[in-house]
Amino acid sequence: MEKFEFWEEGFKKFVKFAHNKDFVLESGKKFGPITVAYETYGEINKEKNNIILITHALTGDSHVAKHSEDDPKPGWWDKFVGPGKMFDTNKYFIICSNVLGGCQGTTGPSSIDPETGKPYGARFPIITIKDMVNVQRKLLEVLKIEHILCVVGGSMGGMQALEWAVSYPDFMDGVINIASPLKLNAQSIAFNEVMRRAIMADPNWNNGDYYDKTGPAQGLSIARMLGMITYQSDKLMDRKFNRRMKDPVESFFESFNTEFEVESYLHYQGMKLVQRFDANTYLYLTRAMDLYDLGRTYGSEDEALRRIKAKFLLVAITSDILFPISQMRYMRDKLKEAGVDLIYKEIESDYGHDSFLVEEEKYRDIITEFLELLYNKEMIK
């Protein structure tokens, strides 16, 4: 009989399974044990038809929102999730888990390998978006949830939402994909590779074995700096920083230890991530994004998309540099060709890819109306 362990730490909950190292990854390798960290908001109604799974982006975690006014830690989607908000926790039951390969409670490179007693480091297996989704599916199975109202995610979370729709087409009524294409293009893969090389070139990376010593802070910081550039539009960067200098112009002729305001911002963002995120996790999750390709698993992209049964909301951002609008329109067309019941919206924004994290007011009506449509249909059944 399969063994499960459960425990809680504050608002965060944990479940541990695959003790016999029997969880099969997309690569064919068997892996385990696996601990999943997750958080829940709201209550499951008596019909059990109000459950929403939120999946997070690259550096996100299970803490999608504050649980109460007493919760000291802000969530990464506080504007979107909570009582009376678009993901209304008075109405819906929200689940969000840290992904496989993560560093916020779910098993990843920084976790202890029970066979060695040391962190996995670079010995952690290469994982995929499909592996993340299969772990989430196992979590819901353990929680005795066999159907959900909707799965939603932005960026890497959107890839997970799409994989859910294809891998488990009968499991949900709706899918919300925000700012996430069918697959990464060459430019996005190139960005990821430069970020990974920044980490691996840091002498403190030490081939992934740095947990008992100083880690690759500079490498991870530089990776984050490049990432932050791709998340924002040039128009927004100009508006926020222009060419303003932090130091007198004369000092720029004397030293490289001088800064434009935009440089200072990037340095701050880079070191801020170092304080809460594992460098190896950054390597593994960006590679998982690179590898995401529905056609590899199902024979072709078209065959994969034809599996989708859920109603689909696809939201694109006009100023997105990371996943340009052309990629999102291509995805729109492919979903339509596959016969998917699709609603497509474009958000006019200067915020670039980060729009879906900060501009709550532009998404409120679109998402609220889509969820109400799904929920009302469920209540009629």
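Residues numbered from 1 in each chain as written. Predicted model: local features only at pLDDT ≥ 70, side-chain atom pairs only at ≥ 80, totals over all residues. Heavy atoms only, no water.

### Observations concerning the overall build of the protein
Across its full length, the protein carries 12 helices and 15 strands. Taking 2.2 N^0.38 as the reference for a compact globule, 381 residues should give roughly 21 Å; the C-alpha atoms of the protein span a radius of gyration of 21 Å, in line with that estimate. Along the three orthogonal principal directions, the C-alpha set of the protein runs to about 75 × 50 × 50 Å. Taking all 381 residues of the protein together, 56% fall into the buried category. Expressed as a percentage of contacts within the protein between residues at least 6 apart in sequence, the contacts between residues at least 24 apart total 70%. About 17,100 Å² of surface is accessible on the protein, with carbon and sulfur atoms providing 52% of the total. Put simply, the protein has 48 plus and 56 minus side-chain charges, and the middle of one group is 3 Å from the middle of the other. (Helix = DSSP H or I, 4+ residues; strand = E, 2+ residues; numbered from the N terminus. Rg over C-alpha atoms; globule rule 2.2 N^0.38 Å. Buried < 20%, exposed > 50% of the residue type's maximum accessible area, 1.4 Å probe, protein only. Contact = heavy atoms within 4.5 Å. Areas by Shrake-Rupley, 256 points an atom, 1.4 Å probe, with all protein chains shown as cover. Lys, Arg positive; Asp, Glu negative; His and termini not counted. Charge placed at Lys NZ, Arg CZ, Asp CG, Glu CD.)

### Notes on the pairing of strand S1 (residues 5-9)
The sheet contact formed by S1 and strand S2 (residues 12-17) spans five bridges and is antiparallel. Paired with Glu-8 across the strands is Lys-13, a residue of S2. Counting the residues between successive antiparallel strands, the hairpin from S1 to S2 contains two residues, one of them, Gly-10, with a positive phi of roughly 65°. (Pairing = 2+ DSSP bridges.)

### Thoughts on the pattern of salt bridges
This model, assessed by the stated rule, comprises 27 salt bridges. A salt bridge links Lys-3 to Glu-5, with the nearest nitrogen and oxygen atoms 3.7 Å apart. Residue class for Glu-5 comes out partly exposed when judged on its relative accessible area of 27%. In this structure, Asp-333 engages Arg-332 in a salt bridge whose closest nitrogen and oxygen atoms are separated by 3.0 Å. (Salt bridge = Lys/Arg side-chain N within 4 Å of Asp/Glu carboxyl O.)

### Remarks on unusual backbone geometry
Look at the link from Gly-32 to Pro-33: it is a cis peptide, with omega at -5°. Position of Pro-33 among the secondary structure elements: in the loop between strand S4 (30-31) and strand S5 (34-41). Phi at Asn-206 is positive, roughly 55°, even though this residue is not glycine. Relative to the helices and strands, Asn-206 resides in the loop between helix H3 (186-201) and helix H4 (217-231). Phi is positive for Asn-242, close to 50°, though the residue is something other than glycine. By relative accessible area, Asn-242 is classed as partly exposed at 47%.

### Focus: the pairing of strand S9 (residues 93-97)
Side-chain positions along a regular strand alternate between the two faces of the sheet. Judged by how many residues are buried, S9 sits mostly within the fold: five of five residues are covered. Of the two faces of S9, the one carrying Phe-93, Ile-95 and Ser-97 and the one carrying Ile-94 and Cys-96 are both buried. One ladder, built from four bridges, connects S5 with S9; its direction is antiparallel. Within S9, the residue paired with Tyr-38 across the bridge is Ser-97. Both strand S6 (residues 51-55) and S9 contribute to a ladder of four bridges, which runs parallel. Residue Ile-54 lies in a different strand from S9, and its bridge partner there is Cys-96.

### As for helix H7 (residues 279-291)
The end-to-end C-alpha separation of H7 is 19 Å, in line with the 18 Å expected for 13 residues at 1.5 Å each. Within H7, 11 of the 13 residues are buried, which leaves it mostly tucked inside the rest of the structure. Considered for burial, the residues of H7 that qualify are Ala-279, Asn-280, Thr-281, Tyr-282, Leu-283, Tyr-284, Leu-285, Thr-286, Ala-288, Met-289 and Asp-290. In the core, the buried residues of H7 are packed alongside helix H1 (129-142), helix H2 (156-167), H3, H4 and helix H6 (261-274). (Expected span 1.5 Å × (residues − 1).)

### Considering H3
Between the first and last C-alpha of H3 there are 22 Å, a value that for 16 residues agrees with the 22 Å anticipated at 1.5 Å per step. Among all positions of H3, only Ser-188, Asn-192, Met-195, Arg-196, Ala-198 and Ile-199 are buried. Taken down its axis, H3 places every buried residue within 155° of arc, on the same side. Looking at H3, the residues exposed on the side facing more than 90 degrees away from the buried face are Ala-186 and Ala-201. Next to the buried residues of H3 lie H4 and H7. (Arc of directions from axis to C-beta.)

### Some points on the sheet that holds S5
The strands making up a sheet are joined through hydrogen bonds of the backbone, oriented either antiparallel or parallel. Strand order in the open sheet formed by nine strands is S1-S2-S5-S9-S6-S12-S13-S14-S15, with mixed pairing between adjacent strands. Edge strands, defined here as strands with exactly one partner in the open sheet, are S1 and strand S15 (342-347). Direction aside, the axes of adjacent strands within the sheet are offset by 20° on average. Of the strands in this sheet, S6, strand S12 (148-154), strand S13 (172-178) and strand S14 (311-317) are in contact with H2, which crosses S12 at around 145°. (Axes fitted to C-alpha atoms, helices over the stretch in contact; angles between N-to-C directions.)

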